[in-house]
Amino acid sequence: MTDFSSQEPTAAVLQWVSSQRAAGFDSLALYKSLRDSGWDHDMACRLVDLQPAQAPEQASAQEQPAEPAVPWPQGAGQRVQLDAGDRPVQALAVMREPNIVVLANLLSEEECDALVAAARPRLSRSLTVSVKTGGEEENVDRTSQGMFFARGESDTIARIEARLAHLLNWPMENGEGLQILRYGPGAEYKPHYDYFDPKEPGTPSILARGGQRVATVVIYLNEPEAGGGTVFPDVQFECMPRKGHAVFFNYSQPHPDSRSLHGGSPVISGEKWIATKWLRAHRFD
Ligand code: PD2
Ligand code: ZN
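Cut-offs applied
Residues numbered from 1 in each chain as written. Chains lettered and ligands numbered in written order. Predicted model: local features only at pLDDT ≥ 70, side-chain atom pairs only at ≥ 80, totals over all residues. Heavy atoms only, no water. Helix = DSSP H or I, 4+ residues; strand = E, 2+ residues; numbered from the N terminus. Polar contact = N/O pair within 3.5 Å; in protein donor to acceptor, adjacent residues only side chain to side chain. Contact = heavy atoms within 4.5 Å. Near = heavy atom within 4 Å. Areas by Shrake-Rupley, 256 points an atom, 1.4 Å probe, with all protein chains shown as cover. Disulfide = S-S within 2.5 Å. Pairing = 2+ DSSP bridges. Axes fitted to C-alpha atoms, helices over the stretch in contact; angles between N-to-C directions. Buried < 20%, exposed > 50% of the residue type's maximum accessible area, 1.4 Å probe, protein only.

Trainee: What is the right way to read the side chain of R280 from this model?
Mentor: Note that R280 resides in strand β17 (residues 272-280). Reaching out from R280, the side chain makes a polar contact with the backbone oxygen of R209 at a distance of 2.8 Å. Setting aside chain neighbours within four positions, we find R280 in contact with W170, N174, E176, F196, I206, R209, G210, G211, Q212, R213 and V214.

Trainee: Whenever I open this one, the site of ligand 1 confuses me. Can you help?
Mentor: In the neighbourhood of ligand 1, the contacting residues comprise Y183, Y189, H192, D194, T230, H262, G263, G264, K272, I274, T276 and W278. Take D194: an N or O atom from its side chain is 3.2 Å from an oxygen atom of ligand 1. Note that an oxygen atom of ligand 1 is positioned 2.8 Å from one of the side-chain N or O atoms of K272. Taken by itself ligand 1 offers 310 Å² of open surface, and the protein chains cover 100% of this.

Trainee: Is there a simple way to think about the state of the cysteines in this case?
Mentor: Two cysteines whose sulfur atoms are joined by a covalent bond form what is called a disulfide. For the structure on display, the rule yields zero disulfides. Distance from the sulfur of C112, which forms no disulfide, to the nearest cysteine sulfur (C239) is 14 Å.

Trainee: Just to check I follow, could you spell out the sheet that holds β17 for this structure?
Mentor: Neighbouring strands of a sheet are bound in pairs by backbone hydrogen bonds; such pairs are parallel or else antiparallel. One open sheet holds the nine strands; their spatial order is β1-β2-β3-β14-β10-β17-β8-β7-β4, and the pairing between them is antiparallel. Looking at which strands have only one partner, the edges of the open sheet turn out to be β1 (81-83) and β4 (124-125). As defined by bridge partners, strand β2 (residues 88-95) adjoins strand β3 (residues 99-104) across five bridges and the pair is classed as antiparallel. Looking at β3, one finds that A93 is bridged to V102. Sitting on the sheet, helix α4 (residues 109-119) touches β7 (145-148), β8 (179-183), β10 (213-220) and β17, and the angle it makes with β17 is about 95°.

Trainee: How should I be thinking about unusual backbone geometry in this particular structure?
Mentor: Negative phi is the rule for most residues except glycine; trans is the rule for most peptide bonds. For the bond running from E97 to P98, omega is 5°, close enough to zero to count as cis. Among the structural elements, P98 can be located in the loop between β2 and β3. For N105, which is not glycine, the phi torsion reads 60° and is therefore positive. Here N105 lies in the loop between β3 and α4. We note that N169 has phi near 55°; this positive angle belongs to a residue other than glycine. N169 gets classed as exposed once you look at its relative accessible area, which sits at 51%.

And the structure:
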């Protein structure tokens with residue numbers, strides 16, 4: 001758990017508060033984002049000019065008492081066949097701490113091909129969300145090309161999103177739009193965490209829209225000839241890409257204790273296409 005209660009506000013957080021005010025966020029919205037990124041009640045009130053009694057003393061995401069609910073493929077670890085609504089999906093492997101499920105047949109071959117065909121003309125060098133600024137930037141650790149679909153952009157995308165919501169028991173509205181990535185030979189995505197680091201200055205503005213990421217689904221849209229597995233270095237686990245299969249993992253705390261460190265190994269030959277779905281704690285509009 002991150003505890004900033006003993007910290008004095010940095011110039012970065014003061015600057016963030018004034019930029020968010022300029023963008024139209026009110027004190028209570030800013031208070032909530034600050035609490036979610038680890039500031040205590042009194043300091044969050046001070047930073048947004050509220051009297052302590054004016055803000056509902058809301059627990060930060062990190063302080064919530066019981067383990068918060070996170071997405072999970074319903075039935076994984078108890079049976080192979082899972083109910084994804086419109087399609088049977090299989091849970092082939094289940095690991096705990098980190099919480100990983102390898103899913104078979106999440107997408108049909110036709111759905112994989114349709115996503116690749118729709119994404120191909122819209123690819124550009126991949127950007128990642130910067131927790132320093134809250135904006136987007138090129139990342140040397142990520143040498144792929146990518147694009148985002150809007151949620152529900154086509155019938156195929158809406159069907160896949162409804163399937164994921166059913167399977168994972170998580171509202172469709174809490175999902176980011178599907179991201180498509182293409183890796184050529186030598187391209188990789190070095191190990192990283194998908195959650196936003198609560199200590200970074202740009203994180204509160206990212207969390208203002210949908211809260212933390214709590215789970216990831218990496219869906220394989222094709223099979224590279226060699227390389228390109230998804231690796232979890234903390235447990236030396238690697239999931240190899242198989243068309244239509246996926247690897248799911250969740251992280252209930254935005255902390256390395258989740259052991260959710262993961263990366264995309266270099267493609268050795270052929271190319272690798274994936275669709276990534278990130279799930280947020282709250283509605284993402
Ligand atoms: O391509 C992958 O296997 C991979 C690895 C790590 C994708 C992501 N992260 C991601 O999209 O977050
Ligand atoms: Zn990732």
